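Chain residues, written in single-letter form:
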Amino acid sequence: MVTPWQQRIAPIAVAVALLCAAAPAMAQSAAPPGASSCSGCHGPQPGAAVPSLEGLDPEAIVAAMEAFRSGQREATIMNRIAKGFSDEETRALAAWVSQKH
Amino acid sequence: MPGALSRRAFVGAAAIGVAAIRSRVVAQTTPRVVVVGGGFGGASCARELRRSGFEVTLVEPNPVYTACPFSNAVLAGLRSIEAQQFGLDALEREGIRVVRQKAARVAPQDRRVSLDDGSTLDYDRLVLSPGIDIRFDALPGYDEDAAAVLPHAWKAGEQTLLLRRQLEAMDDGGTVIISAPSNPFRCPPGPYERASLIAHYLKTHKPRSKLLILDAKDTFSKQRLFTSAWQALYPNIIEWVSLSSGGKVTEVDAKTRTLVTEFGRHTGDVVNVIAPQRAGQIAQEAGVADRTGWCPIDPVTFESRLQPNIHVIGDATIAGGMPKSAFSANAQAKVCAAAITSLLRGQAPVEPKLINTCYSLVAPDYGISVAGVYRPVNGVLTDVEGAGGTSPADAPPSFRAQEAVYAEAWFQTITANVFG
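Reference entry: report on the structure contained in this document. In this convention, every chain numbers its residues from 1, walking through the sequence in written order. Lettering of chains starts at A and numbering of ligands starts at 1, both following the order in which they are written. Given that this is a predicted model, residues contribute local features only at a pLDDT of at least 70 and side-chain atom pairs are listed and counted only at 80 or more, while totals for whole chains, interfaces and linings are drawn from all residues. Where side-chain values are given, they derive from all heavy atoms of the structure, hydrogens and water being excluded.

### Side note on the overall build of chain A
Item 1. Think of it this way: any DSSP run of H or I at least four residues long counts as a helix, any run of E at least two long counts as a strand, and we number them from the N terminus. Counting its regular elements, chain A contains four helices and zero strands.
Item 2. Each helix (α) and strand (β) of chain A, taken in turn from the N terminus, gives the series α-α-α-α.
Item 3. Relative accessibility thresholds used throughout: buried, under 20% of the residue-type maximum; exposed, over 50%; partly exposed, between the two (1.4 Å probe, protein chains only). Relative to its full complement of 101 residues, chain A shows a buried share of 39%.
Item 4. Summed over its atoms, the accessible surface of chain A is roughly 5,700 Å², and 61% of this surface lies on carbon and sulfur atoms. Computed by Shrake-Rupley with a 1.4 Å probe, the accessible areas treat only the displayed protein chains as cover when residues are assessed.

### Remarks on the packing of helix H2 (residues 58–70) of chain A against helix H4 (residues 87–97) of chain A
All names here are of chain A.
Item 1. Packing of H2 against H4 brings their axes to within 8 Å, and their N-to-C directions diverge by 135°. Comparing the axis directions of H2 and H4 gives the class oblique. Considering only the axes of H2 and H4, their crossing is right-handed. Contacts between H2 and H4 involve Pro58, Ile61, Val62, Met65, Glu66 and Arg69 from the first element and Asp87, Thr90, Arg91, Ala94, Ala95 and Val97 from the second.
Item 2. Gly counts as polar in this scheme, as do all residues outside two lists: the nonpolar Ala, Val, Leu, Ile, Met, Phe, Trp, Tyr, Cys and Pro, and the charged Asp, Glu, Lys and Arg. Classifying every residue of the contact of H2 with H4 by side-chain character gives seven nonpolar, one polar and four charged. For helices, the axis comes from a line fit to the C-alpha atoms of the stretch in contact; other axes are also lines fit to C-alpha atoms, and the angle between any two N-to-C directions lies between 0 and 180 degrees. Under this scheme an angle from 65 to 115 degrees is roughly perpendicular, one under 35 degrees roughly parallel, and one over 145 degrees roughly antiparallel; angles in between are oblique. Handedness of each helix crossing follows the sense of rotation of the near helix against the far helix: counterclockwise by less than a right angle gives left-handed, clockwise gives right-handed. Only heavy atoms matter for contacts: two residues are in contact if any of them lie within 4.5 Å across the pair.

### A look at the pairing of strand E14 (residues 249–253) of chain B
Item 1. We treat two strands as partners when DSSP finds at least two bridges between them. Pairing geometry for E14 of chain B and strand E15 (residues 258–261) of chain B, over four bridges, is antiparallel. If you follow Val252 of chain B over to E15 of chain B, its bridge partner there is Leu259 of chain B.

### Notes on the nonpolar core
A general trend in soluble globular proteins is that nonpolar side chains are found buried together.
Item 1. Within this scheme, the nonpolar core is defined by two criteria: the residues are buried Ala, Val, Leu, Ile, Met, Phe, Trp, Tyr or Cys, and they are joined through side-chain atoms within 4.5 Å. Counting residues in hydrophobic clusters, the biggest one holds 146 residues, and the most contacted among them are Leu49, Leu126, Val127, Tyr142, Leu211 and Trp230 of chain B.
Item 2. Ranked by residues supplied to this core, first place goes to helix H11 (residues 326–344) of chain B with nine residues.

Set out below in structure tokens:
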């Protein structure tokens with residue numbers, strides 16, 4: 001049974017369904033090189049032993065990575081990882097990981 | 001699955017009264033991706049692909065996945081097997097269709113996967129994340145029956161519990177033997193973490209016992225760190241026999257719990273045979289494994305070098321410098337999903353970088369790590385020079401304790417990332 005109301009609403013519903021399907025894709029920008037690996041250790045949980053990066057100032061992440069790379073900031077493992085990224089890559093990565101994914 | 005059904009029902013209802021053709025267009029424009037394997041690689045990849053809006057089907061026969069990382073702590077009585085176990089409920093809630101069947105065959109020309117029950121799944125892109133299989137044809141005397149007596153415990157679950165029971169039942173003063181394979185194999189530092197944690201159990205519960213490692217290699221992952229930790233913590237327990245000292249096991253006699261090497265015979269009270277391995281069976285069936293038994297891939301997309309539209313991730317791959325680890329599988333899954341997303345949208349995939357981090361516990365409060373950053377160079381995933389490496393050799397106990405804390409934190413985070 002299809003009522004006239006359903007007939008009128010159907011094309012809109014299709015559009016909404018298409019939008020819903022496409023929405024997560026639009027919300028997600030492609031990860032710059034290396035960035036998608038970070039969530040293997042850095043989760044969304046605040047206060048975890050390995051700190052969450054979500055919501056941090058990207059500049060702070062860049063500064064931390066630079067300090068890890070130069071040895072200014074002590075680390076167990078991030079000094080070894082930070083050395084794998086150029087300044088430009090680090091900036092792109094910081095901007096991406098500071099967002100919620 | 002409820003999510004996928006309800007969405008389909010919604011679209012279906014919406015299409016009533018509209019030209020039928022339009023609903024077909026909707027159905028056809030959503031690409032279908034099938035993922036085989038619900039471990040660290042497969043589950044991660046399925047979630048990422050679902051977030052891209054694709055219709056994702058995950059094929060995994062086991063209702064519960066038992067994680068290998070930290071399973072050596074189960075052997076040592078430091079952790080329950082339940083802490084290693086994860087379901088796929090969160091994935092189903094996200095709209096991933098989970099099919100609890102074993103993938104039997106792949107027809108690359110038809111883009112079709114056949115399942116054990118005879119049903120089939122069509123795909124636009126297929127991701128295989130089958131992990132490893134033990135090669136029961138590679139070591140004379142070591143077949144599936146032998147593994148029920150001399151466990152490999154290199155797939156976590158029943159085998160882990162079997163080896164744990166054997167260690168518990170062993171008398172003080174007994175000998176444990178671990179046979180370690182040549183490269184490549186799943187989790188390169190794993191045999192040595194296992195030796196360490198079993199030695200910890202022996203030291204604290206059966207201090208007159210010994211542990212012998214018979215190795216088919218002359219060098220191994222994090223070797224300096226393991227060796228110096230063994231000297232400090234387990235000096236009279238662990239003995240490592242290298243390949244050139246006659247460590248390579250060439251034959252197994254399960255009845256007498258004896259391992260035959262090129263130089264002699266070793267009989268143990270508990271014998272753990274970490275046998276040679278290859279990519280999981282479905283990789284062989286799909287024709288994506290080469291003569292080595294492992295799968296060559298394009299390092300940008302993880303598409304098979306041997307079959308189009310089939311991607312392979314995780315332990316099954318030949319991934320250049322990247323070790324076969326859960327961290328690698330998760331990192332590769334995300335890069336592979338991003339590449340598939342680009343390909344299905346007609347865009348060029350981004351050249352990736354990937355990170356690996358592997359922690360090993362030498363004792364409950366003593367962790368060590370190896371890390372690496374990788375990028376494709378001439379078609380091979382290659383270490384970025386100057387990055388990566390192992391924990392320092394001269395670190396204080398506080399550093400080792402911190403890495404043990406990070407090891408546990410890593411496990412909590414990655415399993416949440418993979419399984420929800």
